[in-house]
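Notes for the structure review
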Amino acid sequence: MEKSLVRKGVIRCGERDIRREAQELARHIPARLAPLAQVAYNYFWSWHPEGEKVFRDIDEYGWLLSGKNPVRFLWRTSQHSLERAAADGELVLRAEALQEALEDELNREPADDGVPPENPVAFFCAEFGLHRSMPVYSGGLGVLAGDILKGASDRALPMVGIGLMYHSGFFHQRIDASGYQHEYWYATGPDRRPTAKMTDEDGEPLCVTVPVWGEPVKVHAWRVDVGRIPLFLLDTEVQENSPRQRFITARLYEGNHQIRLAQYALLGVGGISFLHALGIDPSVIHMNEGHPAAATLELVGRLVREGVSFDEACDRVRQKVVFTTHTPVPAGNETYPPHEFGAVFQDADSSPGTGLENILRLGRIHPDDPNEPPGMTALAIRMSRSTNGVSRIHGGIARRMWQGLFPGRSEEEVPITHVTNGAHLPTWIAPEIRRLLDRYLPEGWSSREQVMDPDTWAAVDSIPDEELWAARMEMSTQLVSWAKSHSVIDRLTRGDTMEYAMAASHTLDSGVLTLGFARRLATYKRLYLLTYDPERVLNMLQGPHPIQLLFGGKAHPKDEEAKHMLQRMFQLKGDKRVAERVVYLEDYDMGVATKMVAGCDVWINMPRPPLEASGTSGMKAAFNGTLNLSVLDGWWAEAYDGENGWGIDGTEDPDHGAKDSRDAAAFYEVMEREVIPLFYDRDENGVPHGWVQRMKASIRTVAPRFCATRMVDDYVRKIYRMENFI
Ligand SMILES: *Cc1c(COP(=O)(O)O)cnc(C)c1O
């Protein structure tokens with residue numbers, strides 16, 4: 001291993017492997033561009049204001065073809081483009097400046113947060129959404145995990161991430177001509193990505209062994225750099241493993257229960273073994289969602305093998321572990337029949353450590369009820385010193401849901417708190433808006449001290465309406481032209497008629513009020529409310545003050561209900577107004593999300609309360625002056641102030657039909673009465689001043705309170721600090 005574990009608060013394990021890959025890449029490109037080889041191997045570039053532009057300016061088309069993966073791009077782009085870029089003195093200077101910015105980032109002193117650099121926070125999650133070029137995420141949970149790592153890097157908080165390297169990632173989506181979703185996977189092997197396989201001192205792959213299904217599974221690991229934070233991704237694609245064992249890290253959220261449990265065992269048990277092998281002793285283990293909960297079993301097992309009693313071991317482990325729950329839907333909190341647990345954790349039964357019966361008891365709400373299937377969330381709550389939900393409302397829901405774990409306590413007394421989610425501002429803010437903020441906000445606005453201070457953001461009001469509107473038009477034009485070309489291709493690929501395919505290119509229009517709705521297609525997100533009254537919405541699509549709709553999102557492969565919901569919406573496509581003004585963007589991912597949250601005028605969210613734990617895409621939209629029109633659930637119930645968007649009744653109603661009909665009516669009402677008139681109320685230069693006021697209110701009020709900086713600050717102050725619990 002490296003000589004010392006940390007340098008300037010950054011964990012060094014695997015650093016040498018990253019350097020080796022970067023050096024190999026540097027030898028392939030012209031010497032004057034060599035600084036970019038280092039830059040390419042740290043996702044820092046992706047949120048640096050100049051990062052993407054440097055790569056794009058080398059070869060724009062090649063950059064897009066590479067999926068904005070800088071490593072693949074630099075390997076694959078033509079020598080001709082590279083030579084030309086190397087001859088461009090100005091571009092070379094920008095490349096050098098980018099590398100220096102990265103060096104400065106890595107050389108900062110670690111934050112004084114009570115987390116010792118050699119005992120970092122270990123942040124465990126089944127998925128991480130860092131960038132579209134690293135497909136080991138599916139949606140909101142992963143993007144949140146990525147934004148936490150980025151926020152921790154900005155703060156120079158000592159942290160490492162632990163996840164899995166899925167070789168085929170999450171599924172890709174294809175919609176057929178009837179509107180039915182099909183899934184497909186393809187291998188997206190980690191080579192030629194900004195990752196390095198970690199090696200030991202002999203140069204052999206670093207290897208730990210994890211017992212799954214009663215057999216040892218060999219596990220390798222990859223390092224991915226996220227600013228100052230290393231993310232370690234475990235991988236069973238190892239030659240000595242059987243095909244079944246190798247499949248453990250094939251797909252994210254695999255439908256097969258046994259594979260899924262094996263993934264959780266790998267993440268939790270493997271993650272702890274791996275940290276141990278590296279010599280990292282974390283001061284806090286943060287489990288993001290219940291998937292990594294088996295980490296606690298491994299920690300207990302290790303203590304018991306040292307001679308500590310089981311109960312004492314559980315107590316000690318609890319002092320280190322904190323847990324964030326994200327799922328207010330009981331079905332989302334996975335439970336498994338005991339025999340399935342038993343099959344995966346077979347070893348536990350024979351080990352002197354935990355014993356299967358103990359594991360099952362820890363995972364049940366009522367430990368003595370042999371008929372209750374154990375679950376990951378109950379296990380996680382029981383084994384953590386702190387549990388939090390992800391918004392104020394969700395904290396309350398979690399207290400209600402898990403009261404059974406705290407016998408004798410009233411709902412209010414259940415020790416579950418909340419940290420409202422945030423989104424990483426530098427990642428999600430469009431360059432057009434960032435330029436305005438740089439010009440009109442106080443110097444240093446994005447620093448930790450200033451970005452959370454509402455006073456910093458008061459200056460948003462000093463941006464001239466014309467300038468903010470011009471930025472909006474620019475962002476909207478980019479989105480619409482991209483959506484046009486994409487949807488023509490999507491439609492032709494589905495086998496639609498030429499006429500229908502061309503309709504998208506004819507009439508999507510950047511001057512038209514654009515509504516966006518894109519997220520996981522679960523039924524409770526109620527996409528169908530938009531077309532609840534088809535005639536009424538069809539009328540909005542035409543006329544002197546038209547709207548257009550951009551949709552996106554994937555249904556879980558096994559969620560037939562959601563797939564049919566989408567298919568029913570597609571039945572409207574025969575209507576000319578729909579063909580021309582409604583577009584479904586396939587294969588929603590972080591790349592599509594980036595374009596949509598910046599380029600739409602209104603961001604819609606219609607979850608059935610209280611099922612939206614937080615939601616984060618609306619935050620990303622608000623940073624960009626895209627106005628939220630949402631049910632007052634999750635984060636929006638905390639953010640909405642009457643001026644910064646629109647809210648729809650967030651109260652719960654067990655009568656789903658009645659609630660749907662009321663909420664749909666409220667949606668149409670606010671669209672017709674307020675949203676459409678305000679958008680089209682223009683001065684002689686075409687600027688809608690009333691609308692721009694709302695855009696300003698949205699940026700000003702949401703950015704300081706819902707940025708990842710504030711979220712990480714809350715985690716440090718409320719959750720990670722030990723003194724809160726003594
Ligand atoms: C932000 C994001 C999400 C989460 O969106 P919600 O509105 O919170 O459901 C999902 N997928 C992608 C790709 C995202 O970027």
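Going along each chain's sequence as written, the residues are numbered from 1 onward. Given that the model is predicted, a residue must reach a pLDDT of at least 70 before its local features are reported, and side-chain atom pairs must reach 80 or more before they are shown or counted; all residues, however, enter totals for whole chains, interfaces and linings. Note that the side-chain values use all heavy atoms of the structure and ignore hydrogens as well as water.

1. Focus: the overall build of the protein chain
Within the protein chain, the secondary structure is distributed over 33 helices and 20 strands. Atoms considered for the radius of gyration are the C-alpha atoms alone. The globule rule reads 2.2 Å times the number of residues to the power 0.38. A compact globule built from 726 residues should have a C-alpha radius of gyration of about 27 Å, and the protein chain, at 25 Å, falls within 12% of that. Taking the principal axes of the C-alpha coordinates as reference, the protein chain spans close to 80 × 70 × 55 Å. Counting all 726 residues of the protein chain, 61% fall into the buried class. Throughout, a residue-residue contact means that at least one pair of heavy atoms, one from each residue, lies within 4.5 Å. Sequence-distant contacts in the protein chain: of pairs separated by 6 or more residues, those separated by 24 or more amount to 73%. The protein chains shown are the only cover counted for residues, whose accessible areas, like all others here, come from Shrake-Rupley with a 1.4 Å probe. With the model as given, the accessible surface of the protein chain reaches about 26,700 Å², and the carbon-plus-sulfur share is 51%. Helix and strand definitions follow DSSP, with helices as H or I runs of at least four residues and strands as E runs of at least two, each counted in order from the N terminus. Working definition: with a 1.4 Å probe on protein chains only, accessible area under 20% of the residue-type maximum means buried, over 50% means exposed, and in between means partly exposed.

2. Here we look at the domain arrangement of the protein chain
Here the protein chain is partitioned into domain 1 (6-107), domain 2 (121-421 + 714-725) and domain 3 (453-704). Bear in mind that the domain bounds are from an automatic or database domain assignment. For domain 2 versus domain 3, the separation of C-alpha centres amounts to 33 Å. Listed by partner, the interface residues are 36 residues for domain 2 and 37 residues for domain 3. Two parts lose some accessible area (1.4 Å probe) when they are put together, and adding that loss for both gives the buried area. Summed over both sides, the interface between domain 2 and domain 3 buries roughly 3,000 Å², with carbon and sulfur atoms accounting for 56% of that surface. Looking at the side of domain 2 facing domain 3, the largest losses of area belong to Q173, I175 and Y180, adding up to 20% of the total buried there.

3. Considering the site of the ligand
The nearness test applies per residue and asks whether one of its heavy atoms lies within 4 Å of the molecule or strand. Taken together, 14 residues lie around the ligand, and K525, G615, T616, S617 and K620 are the ones closest in. Polar contacts, as counted here, are pairs of nitrogen or oxygen atoms within 3.5 Å of one another; within protein the pair requires one atom able to donate a hydrogen and one able to accept it, and residues that are adjacent in sequence qualify only if both atoms are side-chain atoms. Between an oxygen atom of the ligand and a side-chain N or O atom of R519, the distance comes to 3.4 Å. Note that an oxygen atom of the ligand is positioned 2.4 Å from one of the side-chain N or O atoms of S617. Elements with a minimum of two residues in the shell around the ligand: α9 (140-155), α28 (590-599) and α29 (617-623). Each residue receives one of three labels: charged for Asp, Glu, Lys and Arg, nonpolar for Ala, Val, Leu, Ile, Met, Phe, Trp, Tyr, Cys and Pro, and polar for the others, Gly being one of them. A breakdown of the residues in the shell around the ligand according to their chemical character gives five nonpolar, five polar and four charged. Taken domain by domain, the shell around the ligand gets at least three of its residues from each of domain 2 (121-421 + 714-725) and domain 3 (453-704).

4. With respect to the environment of V344
Along the chain, V344 falls in helix α14 (residues 338-344). As for V344 and V602, which are separated by 258 residues in sequence, their C-alpha atoms are 46 Å apart. If sequence neighbours within four positions are ignored, V344 has contacts with P211, V212, W213, Q258, L261, A262 and A265.

5. Some details on unusual backbone geometry
Geometrically, the link from P609 to P610 is a cis peptide bond, its omega value of 0° lying close to zero. Note that P610 resides in the loop between β18 (602-605) and α29. If you check the backbone angles, K68 has positive phi at about 60° while not being a glycine. Among the secondary structure elements, K68 is positioned in the loop between α5 (60-65) and α6 (70-76). Positive phi, normally seen in glycine, also occurs at E289, with a value near 75°.

6. Some details on the environment of G574
Counting through the fold element by element, G574 comes out in the loop between α26 (560-570) and α27 (576-581). C-alpha separation for the pair G574 and P609, spaced 35 residues apart in sequence, amounts to 33 Å.

7. What to know about the packing of aromatic side chains
Two aromatic rings, taken as a pair, are described by how far apart their centres are and by the angle between their planes. Whether two aromatic rings pair depends on their centres lying within 6.5 Å, for rings of Phe, Tyr and Trp, where Trp uses its six-membered ring; planes under 30 degrees apart make the pair stacked, over 60 edge-to-face, and the rest tilted. On inspection of all chains with the given rule, the structure shows 25 aromatic pairs. Between F44 and W47, the ring centres sit 5.7 Å apart and the planes meet at 80°, which makes this aromatic pair edge-to-face. Highlighted residues: F44 and W47, both in helix α3 (residues 44-47), separated by three residues, approximately one helical turn. Under the relative-accessibility criterion, W47 is labelled buried at 4%. With a centroid separation of 5.0 Å and 85° between ring planes, the pair formed by F679 and Y680 is classed as edge-to-face. Assigned by exposure class, F679 and Y680 land together as buried. Members of the aromatic cluster, each reached through a chain of ring pairs, are Y43, W45, F55, W63 and F73. If you follow R244 out to its NZ or CZ, it ends over the ring of W213, 4.1 Å from the centre. Look at NZ for Lys and CZ for Arg. If either is within 6 Å of the ring centre and within 35 degrees of the ring normal, a charge sits over the ring.

8. Quick look at a nonpolar patch on the surface
A grouping of L492, M498 and M502 is seen on the molecular surface, where their side chains present a nonpolar patch of about 270 Å² in accessible area. Within the element layout of this structure, M498 appears in helix α24 (residues 498-507). Exposure above 30% relative accessible area and the absence of a salt bridge qualify a residue for a patch, where like charges join within 9 Å and nonpolar side chains (Val, Leu, Ile, Met, Phe, Trp, Tyr) within 5 Å. Criterion for a salt bridge: a side-chain nitrogen of Lys or Arg within 4 Å of a carboxyl oxygen of Asp or Glu.

9. Here's the deal with the packing of helix α23 (residues 465-494) against helix α32 (residues 689-706)
Note on method: axes are straight lines fitted to C-alpha atoms, helices fitted across the in-contact stretch only, with angles between N-to-C directions ranging 0 to 180 degrees. Between α23 and α32, the shortest axis-to-axis distance is 10 Å and the interhelical angle comes to 80°. Between α23 and α32, the crossing angle belongs to the class labelled roughly perpendicular. Along the contact surface, α23 presents D465, E466, L468, W469 and R472, while α32 presents H689, W691, V692, Q693, M695, K696 and I699. A per-class count over the contact of α23 with α32 returns six nonpolar, two polar and four charged. Orientation labels follow simple angle bins: below 35 degrees gives roughly parallel, above 145 gives roughly antiparallel, 65 to 115 gives roughly perpendicular, and whatever is left gives oblique.

10. Structural notes on the sheet that holds strand β17 (residues 582-585)
One open sheet holds the six strands; their spatial order is β17-β16-β15-β18-β19-β20, and the pairing between them is parallel. Because the sheet does not close on itself, it has two edges, and the strands there are β17 and β20 (645-648). Strand after strand, the sheet turns through a mean of 20° between neighbouring axes, direction not considered. Of the strand pairs in this sheet, strand β19 (residues 627-631) and β20 are connected by four bridges, and their pairing is parallel. In the sheet register, V631 faces β20, and the bridge partner there is I648. Two strands qualify as a pair provided that DSSP identifies no fewer than 2 bridges between them.

11. A word on the nonpolar core
In this structure, L36, L74, M159, F232, F274, F345 and Y720 are the most contacted members of the largest nonpolar core, which totals 140 residues. In terms of residue count, the dominant contributor to this core is helix α11 (residues 257-278) (12 residues). Split by domain, this core shows at least three residues from each of two domains, domain 1 (6-107) and domain 2 (121-421 + 714-725). F232 has contacts with I11, C13, V160, G161, I162, G163, M198, W222, R223, F274, L278 and I280, leaving out every residue within four places of it along the chain. Here, the term nonpolar core denotes a set of buried Ala, Val, Leu, Ile, Met, Phe, Trp, Tyr and Cys residues that are joined through side-chain atoms within 4.5 Å.

12. Topic: the pattern of salt bridges
For the coordinates displayed, the defined rule picks out 51 salt bridges. In this structure, D17 engages R20 in a salt bridge whose closest nitrogen and oxygen atoms are separated by 2.8 Å. One end of the pair, D17, and the other, R20, are both in helix α1 (residues 15-28), three residues apart, so they sit about a helical turn from each other. Residue classification places D17 among the buried positions, given a relative accessible area of 1%.

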